[in-house]
Amino acid sequence: MDALWPKLLVVAIFLVVHGLASWRKWYFTRPEIDTITHFFGGLAVSAFIKDWITAIALIVGWEVLEAVLVRKNRANFREKPLNKLRDVLFGLLGYFIGVDIL
């Protein structure tokens with residue numbers, strides 16, 4: 001049971017940072033927060049998914065889902081391709097750092 005606490009802590013940190021960033025609209029005013037949340041998202045994935053193929057599919061799949069969720073005349077999820085690539089890279093970085101630690 002002790003090994004579960006660090007995993008839950010990482011997920012809680014991710015959820016708090018993402019929730020605060022969404023509530024305060026930092027994704028629009030502070031673009032660097034997106035990198036931080038993708039890194040923590042990768043860590044959160046690493047806490048429970050050890051199969052790297054599944055993890056990569058989830059991290060890349062999230063970016064594909066964001067592209068699908070783009071609506072006309074709305075800024076939500078609308079990002080440049082370079083930003084999408086950075087999101088994937090930081091998600092993978094978080095995953096590969098956390099996979100052996102958590």
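On a predicted model such as this, the values are computed, not experimentally measured, just so you know.

Rules used in this analysis
- Residues numbered from 1 in each chain as written.
- Predicted model: local features only at pLDDT ≥ 70, side-chain atom pairs only at ≥ 80, totals over all residues.
- Heavy atoms only, no water.
- Axes fitted to C-alpha atoms, helices over the stretch in contact; angles between N-to-C directions.
- Helix = DSSP H or I, 4+ residues; strand = E, 2+ residues; numbered from the N terminus.
- Parallel < 35°, antiparallel > 145°, perpendicular 65-115°, else oblique.
- Left-handed = near helix turned anticlockwise from the far one by under 90°.
- Contact = heavy atoms within 4.5 Å.
- Nonpolar A, V, L, I, M, F, W, Y, C, P; charged D, E, K, R; others polar.
- Core = buried A, V, L, I, M, F, W, Y, C linked by side-chain atoms within 4.5 Å.
- Buried < 20%, exposed > 50% of the residue type's maximum accessible area, 1.4 Å probe, protein only.
- Phe/Tyr/Trp six-rings, centres within 6.5 Å; stacked < 30°, edge-to-face > 60°.
- Lys NZ or Arg CZ within 6 Å of the ring centre and 35° of its normal.
- Patch = residues over 30% accessible without salt bridge, like charges linked within 9 Å, V, L, I, M, F, W, Y side chains within 5 Å.
- Areas by Shrake-Rupley, 256 points an atom, 1.4 Å probe, with all protein chains shown as cover.
- Salt bridge = Lys/Arg side-chain N within 4 Å of Asp/Glu carboxyl O.

## Quick look at the packing of helix α4 (residues 52–69) against helix α5 (residues 81–98)
Thought 1: The geometry of α4 relative to α5 is characterised by a closest axis approach of 10 Å and an angle of 150° between their N-to-C directions. Looking at the two axes, α4 sits roughly antiparallel to α5. Taken as a pair, α4 and α5 cross one another with a handedness that is right-handed. Where α4 abuts α5, its residues Trp52, Ala55, Ile56, Ile59, Val60, Glu63, Glu66 and Ala67 lie against Lys84, Asp87, Val88, Gly91, Leu92, Tyr95 and Phe96.
Thought 2: Its residues placed into classes, the contact of α4 with α5 shows 10 nonpolar, one polar and four charged.

## Notes on the nonpolar core
Thought 1: Counting seven residues, the largest nonpolar core is built from Val45, Ala55, Ile59, Val88, Leu92, Tyr95 and Val99.
Thought 2: At the level of elements, α4 and α5 are the ones that each hand at least two residues to this core.
Thought 3: In terms of residues, this core owes the most to one element, α5, which gives three residues.
Thought 4: The contacts of tyrosine 95, once residues within four sequence positions are left out, are Gly42, Leu43, Val45, Ser46, Ile49, Lys50, Asp51, Trp52, Ala55 and Ile59.

## Some points on the packing of aromatic side chains
Thought 1: Here the structure, examined in full by the defined rule, presents two aromatic pairs.
Thought 2: On the numbers, 5.9 Å between centres and 70° between planes, the contact of phenylalanine 39 with phenylalanine 40 is edge-to-face.
Thought 3: With centroids separated by 5.1 Å and ring planes inclined at 80°, the aromatic side chains of tyrosine 95 and phenylalanine 96 adopt a geometry described as edge-to-face.
Thought 4: Accessibility expressed as a relative area gives 0% for tyrosine 95, which makes it buried.
Thought 5: Arginine 30 extends its terminal NZ or CZ atom over the ring of tryptophan 26, reaching a point 5.6 Å from the ring centre.

## A look at a nonpolar patch on the surface
Thought 1: Taken together, the side chains of Leu82, Leu85, Leu89, Phe90, Leu93, Ile97 and Ile101 define a hydrophobic patch exposed on the protein surface, amounting to about 680 Å² of accessible area.
Thought 2: Within the secondary structure layout, isoleucine 97 lies in helix α5.
Thought 3: For isoleucine 97, a relative accessible area of 39% corresponds to the partly exposed category.

## Notes on the pattern of salt bridges
Thought 1: Per the counting criterion, the structure on display carries two salt bridges.
Thought 2: Here lysine 84 and glutamate 63 are joined by a salt bridge, their closest N and O atoms 3.5 Å apart. With a gap of 21 residues between them, lysine 84 in helix α5 and glutamate 63 in helix α4 connect regions that are remote in the sequence.
Thought 3: For lysine 84, a relative accessible area of 15% translates into the label buried.
Thought 4: Looking at glutamate 63, the relative accessible area reads 5%, which means it is buried.

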